[in-house]
Amino acid sequence: MKIGIVTLGCDKNSVDAEYLAGALEARGHLVAGEGAHDAIDVLVLFTCGFIEAAREQSVATLLGYVETKRRLGNPRRLVMVGCLSQRWGEEMRPELPDVDAFAGVGDPDDLADLVEQVGDPDYAPDEEGAPGLSIIAASPSSRVVRPVPRKRLDAPWRAYVKIADGCDHTCSFCAIPLMKGPYASVPKGIILDEARDLVSRGVKEISLIAQDLAPYGRDLYSSSARSTQSTLYTPPRPSLVPAPSVSPSSSSAVDADQALQVSLLQQAPPLPRASARGKRGKNISRVGAVPAAVRGNRDNPALQSTSSPRSPGSPRSEGSAPYDLPDLLGDLCRIEGDFWIRLLYLYPAGLTPRFIEVFAREDKICKYLDIPLQHLDPAILRAMRRPDAEDRILPKIDALRRAVPDVALRTSIVVGFPGETDDAFDRLLDGVERIGFDWLGGFVYSPEEGTDAAAMKGRPSRKKAERRLDRLMQTQARITADIQSRQVGRTLRVLVESVDSPESVDSTDSADSPSPNGSADSAGPPRPNGSPGPEGPSDYCLLSTAYCRSYREAPEIDGLIHVVPSDASSQRPTEGLKPGDFATVRITDSEVYDLVGEIADTTPKGPR
């Protein structure tokens, strides 16, 4: 079969899509990424249900494929998966009979089974208009219990590695635990094997992702986790692959991580069979009708030993303490190869002295952190039930900057939360000024059904929240512009994302260049004509331009470095660059979001 995969939402969805692609390709199917939709047998749409805007995008995209399926018969089958499907799939099934199957979060092999079933030419629902198949677990789990083959669908020089999924935090506004289940670390052997494989295939940047990187390993390797494994590891949809057998005579040679895999697999309950029938909901008369809640309130099964000598100065000796994030970082940095490691989504609790020591010491780690704070007013943080209060956040960031003065920081902020007064918003702005983030994504609060915050009183009007968001982002634009101006004169190692020749670059039309700061769901000062390039006409657009990132810019959300020859009569050294190359650049100019530079002769070591 030819199977298309379209991915919406977060980076964790991108990883899950590549796991599914790998599982399907291993079974002999042809898997096409986005943009390849000719004669598709099954199209799998990974959806997002995080906030209202993300749900609307997912529903609009889904309905677009429903329409092309009806009119053109392409795709022949349509499968909706991911967070939106996990949360609302059972309600949507009877209303969307043109969607052949719904699946939530969970094991990629189970999803591959579902895709094969609906893609079989002999498959047909029991009756016309019957709801599609469904494998949506009542209690979601994102636990990984064994290695999964991975087919790359994104840029081959960078990759996300999911070290955990789900969340144990009880933030009052967030529905992620309802969609992803409890926090579930990926066993270290799987992570390290996957990272080695990616580096061997030419990946130059590995971004570690989780809802929160900080608790990594506590649910697997702490003494309390080991004593309660029988209650921790019961994924609702286990692997369909038999658990590896471990005989008493060979058990002493089995790595501890492999033994953990065996334990997880053996404890898994039976898989519920997919059914072509479901509860009937009310009929809909048009494709655009969807539930109100969805529209919003407006190849290596035996894991290898990953033990290795600890770095000098590490306070832990092998086997003396639970394995945690600093341990994982140390092991990842000892993988041979020329690559970066980037850390995304680390809550302030993770800024421990031991983490900061490893973060500062290891050259392969980009000196960049995404620390999602959501707010900085103490009362709002308490109402949000955020893990760290404001009086603990600032000292931790100060300690980080003392150890790593040139660290680049990103955060996300929510405005318009219930109870946010003018004074609370002013305290938020004061905190943003005080910390001075390099990058910031801003959002208007979106009440999510099933969360405690949705019932809270005192929510500012949408208009007032949008005005506050505009003030926040204008404040951040000024801060970012000032930080960017201080980069002029620095020599930075960069990773090339794309290269434009003079013939392909038009100063009035560069919308095909890589993404600017922010995302579809975040706000920031708009760029002219939607261009991600520097604001205003740029003479250097007439030259060969390489679009690059240093350690300071995460892919697709932060600014870019435009690398150009020093003048139009030069030898245009950028023409020798290609996506995925490392280069050394001297920064010569700055804009609000982006930098301009030229190839330098010297080569700094490491990500910096």
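Draft legend 1. Spotlight on the sheet that holds strand β1 (residues 2-7). Spatially, six strands are ordered β2-β1-β3-β4-β5-β6 in an open sheet, and the strand pairing comes out parallel. Two strands bound the open sheet, and with one partner strand each, they are β2 (30-32) and β6 (133-135). Direction aside, neighbouring strands of the sheet carry axes that sit 20° apart on average. As defined by bridge partners, strand β3 (residues 42-47) adjoins strand β4 (residues 77-82) across six bridges and the pair is classed as parallel. Bridge pairing in β4 links V42 to R77. Running over the sheet, helix α2 (residues 52-72) touches β1, β3 and β4 and is turned about 170° from β4.

Draft legend 2. Spotlight on the pairing of strand β19 (residues 595-599). As defined by bridge partners, strand β17 (residues 561-563) adjoins β19 across three bridges and the pair is classed as parallel. Note that in β19 the partner of I561 across the bridge is L595. As paired strands, strand β18 (residues 582-590) and β19 are joined by five bridges and run antiparallel to one another. When the bridges of β19 are listed, S590 appears paired with L595. Counted between consecutive antiparallel strands, the loop separating β18 from β19 contains four residues.

Draft legend 3. Structural view of the packing of helix α13 (residues 353-361) against helix α15 (residues 390-403). For the pair α13 and α15, the least separation of the axes is 10 Å and the interaxial angle reads 30°. With respect to α15, the element α13 is oriented roughly parallel. Viewed along their axes, α13 and α15 form a crossing whose handedness is right-handed. When α13 is examined against α15, the residues I356, F359 and A360 are found in contact with a partner set consisting of K396, A399, L400 and A403. A class-by-class count of the residues in the contact of α13 with α15 yields six nonpolar, no polar and one charged.

Draft legend 4. The side chain of S222, seen in detail. Counting through the fold element by element, S222 comes out in the loop between α7 (218-221) and α8 (223-227). Residue S222 is classed as buried on the basis of its relative accessible area of 13%. At 2.6 Å, the side chain of S222 forms a polar contact with the backbone oxygen of R218. Residue contacts for S222: discarding those within four places in its chain leaves G217 and P322.

Draft legend 5. Examining the packing of helix α6 (residues 188-200) against helix α12 (residues 325-333) more closely. Across the interface, α6 lies against α12 with an axial gap of 10 Å and an inter-helix angle of 30°. Considering their axes alone, α6 and α12 lie roughly parallel with respect to each other. Along this stretch, α6 crosses α12, giving a crossing that reads as right-handed. Residues I191, L192 and A195 of α6 touch α12, and the partners they reach there are L328, D331 and L332. Looking at side-chain class alone, the contact of α6 with α12 contains five nonpolar, no polar and one charged residues.

Draft legend 6. The sheet that holds strand β10 (residues 205-209), seen in detail. Pairing is parallel in the open sheet, where six strands are placed in the order β7-β10-β11-β12-β13-β14. This sheet does not close on itself; its edge strands, each paired only once, are β7 (158-162) and β14 (439-444). On average, each strand axis in the sheet is inclined to that of its neighbour by 20°, with strand direction left out of account. Inspection of the sheet shows strand β11 (residues 340-343) paired to strand β12 (residues 365-370) by two bridges, in the parallel sense. The residue bridging L343 from the neighbouring strand is L369, located in β12. In the packing of α13 onto the sheet, contacts are made with β11 and β12, and the angle to β12 comes to roughly 135°.

Draft legend 7. Highlighting α13. Within the sequence span of α13, burial applies to R354, F355, I356, V358 and F359. The secondary structure elements touched by the buried residues of α13 are α12, β11, β12 and α15.

Draft legend 8. Examining helix α4 (residues 108-119) more closely. The terminal C-alpha atoms of α4, which comprises twelve residues, lie 16 Å apart, in line with the 16 Å expected from a rise of 1.5 Å per residue. Counting buried positions over the twelve residues of α4 gives nine, a clear majority of the element. Those residues of α4 that sit buried are P108, D109, D110, L111, A112, L114, V115, V118 and G119. Buried residues belonging to α4 abut β1, α1 (11-26), β3, β4, β5 (101-103) and β6.

Draft legend 9. Spotlight on the confidence of the model for the protein chain. Per-chain confidence: the protein chain averages 79 in pLDDT, with 72% of residues scoring 70 or above. For the stretch residues 262-319, pLDDT sits under 50, and the model shows 130 contacts to residues farther than four places along the chain or on other chains. Across residues 504-542 the pLDDT falls below 50, and counting only partners more than four positions away or on other chains, this stretch makes 75 contacts in the model.

Draft legend 10. Highlighting the packing of aromatic side chains. The final tally for this structure, using the stated rule, is five aromatic pairs. Aromatic pair W340 and F582: ring centres 5.2 Å apart, planes at 40°, arrangement tilted. In this pair, W340 sits in strand β11 while F582 sits in strand β18, placing the two residues 242 residues apart along the sequence. When the ring of F417 is compared with that of Y445, the centres are 5.2 Å apart and the planes differ by 75°; the resulting orientation is edge-to-face. Of this pair, F417 sits in the loop between β13 (408-415) and α16 (422-435) while Y445 is found in the loop between β14 and α17 (462-485), placing the two residues 28 residues apart along the sequence. Judged on exposure class, the residue F417 and its partner Y445 are both buried. Aromatic rings pair up to connect F173, F417 and Y445 into one cluster. It is R342 that lies over the ring of Y368; its NZ or CZ is 4.8 Å from the centre.

Draft legend 11. A look at the pattern of salt bridges. Within the structure shown, the criterion is met by 49 salt bridges. Of the charged contacts in the structure, one is a salt bridge between E466 and R462, with a shortest N-O distance of 2.9 Å. Pair noted here: E466 and R462 are both in helix α17, with a separation of four residues, about one helical turn. A relative accessible area of 49% means that R462 is categorised as partly exposed.

Each value, and the rule that gives it
Residues numbered from 1 in each chain as written. Predicted model: local features only at pLDDT ≥ 70, side-chain atom pairs only at ≥ 80, totals over all residues. Heavy atoms only, no water. Pairing = 2+ DSSP bridges. Helix = DSSP H or I, 4+ residues; strand = E, 2+ residues; numbered from the N terminus. Axes fitted to C-alpha atoms, helices over the stretch in contact; angles between N-to-C directions. Contact = heavy atoms within 4.5 Å. Parallel < 35°, antiparallel > 145°, perpendicular 65-115°, else oblique. Left-handed = near helix turned anticlockwise from the far one by under 90°. Nonpolar A, V, L, I, M, F, W, Y, C, P; charged D, E, K, R; others polar. Buried < 20%, exposed > 50% of the residue type's maximum accessible area, 1.4 Å probe, protein only. Polar contact = N/O pair within 3.5 Å; in protein donor to acceptor, adjacent residues only side chain to side chain. Expected span 1.5 Å × (residues − 1). pLDDT = per-residue confidence, 0-100. Phe/Tyr/Trp six-rings, centres within 6.5 Å; stacked < 30°, edge-to-face > 60°. Lys NZ or Arg CZ within 6 Å of the ring centre and 35° of its normal. Salt bridge = Lys/Arg side-chain N within 4 Å of Asp/Glu carboxyl O.

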